[in-house]
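# Residue-level structural notes
Chain by chain, the residues run as shown.
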Amino acid sequence: MTLAAPPAALTGPPVATRVAAHLLHLLGDPDTHTVACRVDWTGPPDLAPALAAPSASAHAADLALPLALTEERAVQAACGIMHVHGLATGRPAPLAVDFATTVAGVLAAQGVSAALIARARGGRAGGVRTSVTQAALLALTQYLAAASAAAEEPVAASDASAAVEAPRGGAGFVSADGVRVELEALDAESWIGFWRELGAPADAVRHGWRPFQARFGTAVCPLPAALADAVRAVPLARLRAAADRSGASLLPVREDPLPSQAPPPWTLIPLPGPAAPTPARPGADVPGTHLPLVGLRVVESTRRVQGPLAGHVLRLLGAEVVRVEPPGGDPMRGIPPLAQGCSARFGALNAGKDVVEIDITTPSGRRAVCELVRDADVFLHNWAPGKAARLGLDADELGRVRPGLVYAWASGWGDALGPRPPVGTDYLVQAHSGLAAAVRPEDEPPAPSLMTLTDVLGGLVSAQAVLAALLARLRTGHGRRADSSLLSAAAVVPREPRRARWGVLDRPLDTLDGHLWLDREGRARPERIARALGVHCTADPAALAASARRRPTAEMLPLLAAAGTRATPVCTDLAGLARDPRFAPVLARAPWEFV
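The notes below deal with the structure included here. All of these numbers come straight from a predicted model, not from anything done at the bench.

Take the layout of surface pockets next. A water-sized probe, rolled over the atoms, reveals where empty space remains. Roughly 480 Å³ of internal volume is contained in the second largest pocket. Together, 21 residues line the second largest pocket, and Thr 141, His 312, Ala 348, Leu 587 and Ala 588 are the ones closest to its centre. Breaking the lining of the second largest pocket down by element, the ones donating at least two residues are helix H6 (132-139), helix H7 (141-148), helix H13 (306-316), helix H14 (344-350) and helix H27 (584-587). Ranked by the residues each element gives to the lining of the second largest pocket, the list is headed by H7, at four residues. In the lining of the second largest pocket, the residues fall into 13 nonpolar, six polar and two charged.

Below, the structure is given as C-alpha cells:
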C-alpha cells in the first residue's frame, strides 16, 4: 500500500497518520480535513500521565520508571503484543510490522468519519483523539479478557505427553517438496478426513484437534510431531488434493512480504430504491452528551472475531447493536475460560449488544430477520460466500425491506480468489497475503502469527466501511452495500519490500526474571549497554545478552537509565496488565476522545 503524506489536520506517528490519510482519502468526503485528528503514543490525554508514573502493583511490567512508550516496539512490549505473538515459540517476540500503529491509524479514520456523521445529523464534533496504546489494547481485547477470567481447564496428561511444540509460528507444516503450507479445518470431520488421506496415526489426529481448534483464542498450537511428519512425506500437489477431498483448506505460505493482491480496504455499491430520510441525532443540541452513532441501529449476524469486533466498534461509537444468534445461542458462548457463565473471549466482543435468537434457515426465521432490518440502519454479517443469496437475505432483498439500508459483508477473501475460495480465516489470509512473511525477520521462516492480526484489522476495516457507507447515505439519502475482507484489511499494513533483518538487540533482552525491550539508542549504541552492565565496551551483542541474563529486571532498569538508555519491561502477564492502574482505566473506555 502506497501511503501519501497526511493533511495538516492529522498529527501523530507517521505510520498512523499515513494509514488514516489513506482511508480518509477513500472516504471521498470533502470535509474530512475540517476534523482535527491527533494520534498520541499514549492516551487518553487525562490518563496518559499515569503511564509515565510508578505503579504500586508488583507485576513485572510495572517496573518501568517511567514507562516511555514513544515507538511501536515499546508499545508492543508494554501492552502484551510481544507476549501473545511469541507464545507459540515460548518467548516474547516483536511483530516485524507496525501493527499497533496501523490499528491506531484505522481508529483515527473511524474517529474522523464518526465526527462527520455526527455533524451531518446535527451534532457538534470539532476533533478526535486516539492513541497507539489504546489501539494495542483494543487489538488484545479477547486475550486480556481470557487472561482475566478463570484459568483454562488443565490439559489431560495423555494430551500433554502426545503433544510437542509445533514449528515456529504454530501450526505450520513443510511438504515433501519443501513448501511451507498453512492448513485450516473448521470442523472435526474435515480435520480427520485430511489426516486420514495422509495416513497419519489416529492418536496424533485425535490429540491434535483440540489445540488446533483452540489456537485462535490461545495463540498456541502444540501438535503431535507425527502430524508434521505426515505432511513432510507428501508433496504439495497431493496435499492440496487431500484438502479438497476432505473439505479442509490448504495454501502455501508466501515468502514475499508484499501482498500479491492489494484490493481496496472496502468497496461501496449504491443500492437501488428511494432515498431514506436522515435519522435525527437525539440531543444534538447538547454538545458532548452523545456519541456520534447514538440513535442508529445495527443488526448483526456474525461469528468468531471479525464480524463481532466490527459490531463492537459501532457500539462503542454509540450505535444500538442487535445480535442474531441461532436457537440456544452462539456456540462460542461456551468456549472457556468462562466469566459469569459466558466465554470471556466471546463477552469481550459482544457485551452490551441485545440478542435475538432466530433460526435463519427457516422461512419464519428469515421473516423475523426482515422485521428487525425494517427498523435498522445497518445489517452486518460475515457469512460464507453465497449464503446470503441462498437465504434470500442479500443486499437487494434487504434493501427493498429497508430503503437506505447499509448492508455490510465482512468476508475472508472478497472476490479476490474467485467464486469458490478457500475458507477465509485469519491464518490462511496471513499466509497468502504475505503478512506471514512480513511479521517475522528474515532469519525465521515465514509463518502466520497466531495472534489474530487480520481478524482484528478485518473487524476494524469492516466498521470503517460501515461508517463510510453511513456518511454516503447521509449525503445522498441512498443506501450502500459495504464489502470488506480479511484480505483487504491485511493490505492496509505498511510493509517493506524485503523482510526485516534483525540482530541480537532487535529482540527482547532476557533478564534473570523477565525481558526488556531496548530503545533505539540502546539498540544502535551497544556500548551504552556494555557500560550499564559493567562489561568491556567492545563486547559483542551476544556477550551483552549473556550478561543481562544474570541480572534481575529491577536492577537492569536504573543501570540502563544511568547509561542514557530507556528500556521497556515486556509484559508477560495479561491478567496483571488488566489490573495495572496505569492501563485499567484505558481498558474501560472507548478508544476515541471527541472534542
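What follows is about helix H12 (residues 236-246). Among the residues of H12, those classed as buried are Leu 236, Leu 239, Ala 242, Ala 243 and Ser 246. On an axial view of H12, the arc spanned by its buried residues comes to 120°, and they lie on one face. For H12, the exposed residues set more than 90 degrees away from the buried face come down to Ala 237, Asp 244 and Arg 245. For H12, the secondary structure elements touched by its buried residues are strand E5 (180-184), helix H9 (188-198), helix H11 (225-232) and strand E6 (249-252).

Further remarks concern unusual backbone geometry. A cis amide bond links Pro 336 with the next residue in sequence, Pro 337, at an omega value of 0°. Position of Pro 337 among the secondary structure elements: in the loop between strand E9 (320-325) and strand E10 (338-339). Within the chain, Arg 304 stands out as a residue other than glycine whose phi angle is a positive 65°. Note that Arg 304 resides in the loop between strand E8 (297-301) and H13. Using a relative accessible area of 33% as the deciding quantity, one classes Arg 304 as partly exposed. Of note in this structure, Gln 340 is not a glycine but carries a positive phi near 55°. By secondary structure assignment, the location of Gln 340 is in the loop between E10 and strand E11 (342-343).

Below, the discussion takes up the sheet that holds strand E17 (residues 515-518). Sheet strands pair via backbone hydrogen bonds, and the direction of the pair is either parallel or antiparallel. Taken in spatial order, the three strands of this open sheet run E16-E17-E18, and their pairing is antiparallel. The open sheet has two edge strands, strand E16 (509-510) and strand E18 (567-569), and neither has a second partner. The pairing of E17 with E18 spans three bridges and is antiparallel. If you follow Trp 517 over to E18, its bridge partner there is Thr 568.

We now examine the sheet that holds E6. One open sheet holds the three strands; their spatial order is E4-E5-E6, and the pairing between them is antiparallel. Each end of this open sheet is capped by a strand with a single partner; those strands are strand E4 (173-174) and E6. In this structure, E5 lies alongside E6, joined through four bridges in antiparallel fashion. The residue of E6 that forms the bridge with Glu 184 is Ser 249. Along the sheet, helix H18 (residues 426-433) makes contact with E5 and E6, crossing E5 at roughly 155°.

Turning next to the pattern of salt bridges. Here the structure, examined in full by the defined rule, presents 33 salt bridges. For Arg 323, the salt bridge identified is with Glu 325, shortest N-O distance 2.8 Å. Note on accessibility: Arg 323 and Glu 325 belong to one class, buried. In this structure, Arg 582 and Asp 580 form a salt bridge, with 2.9 Å as the shortest nitrogen-oxygen distance.

Parameters and conventions
Residues numbered from 1 in each chain as written. Predicted model: local features only at pLDDT ≥ 70, side-chain atom pairs only at ≥ 80, totals over all residues. Heavy atoms only, no water. 1 Å grid on protein atoms, 1.4 Å probe; cavity = no way out; pocket = protein on both sides within 12 Å on 5 of 7 lines; lining within 4 Å. Points joined across faces, edges and corners; volume = space filled by probe spheres on them. Helix = DSSP H or I, 4+ residues; strand = E, 2+ residues; numbered from the N terminus. Nonpolar A, V, L, I, M, F, W, Y, C, P; charged D, E, K, R; others polar. Buried < 20%, exposed > 50% of the residue type's maximum accessible area, 1.4 Å probe, protein only. Arc of directions from axis to C-beta. Contact = heavy atoms within 4.5 Å. Pairing = 2+ DSSP bridges. Axes fitted to C-alpha atoms, helices over the stretch in contact; angles between N-to-C directions. Salt bridge = Lys/Arg side-chain N within 4 Å of Asp/Glu carboxyl O.

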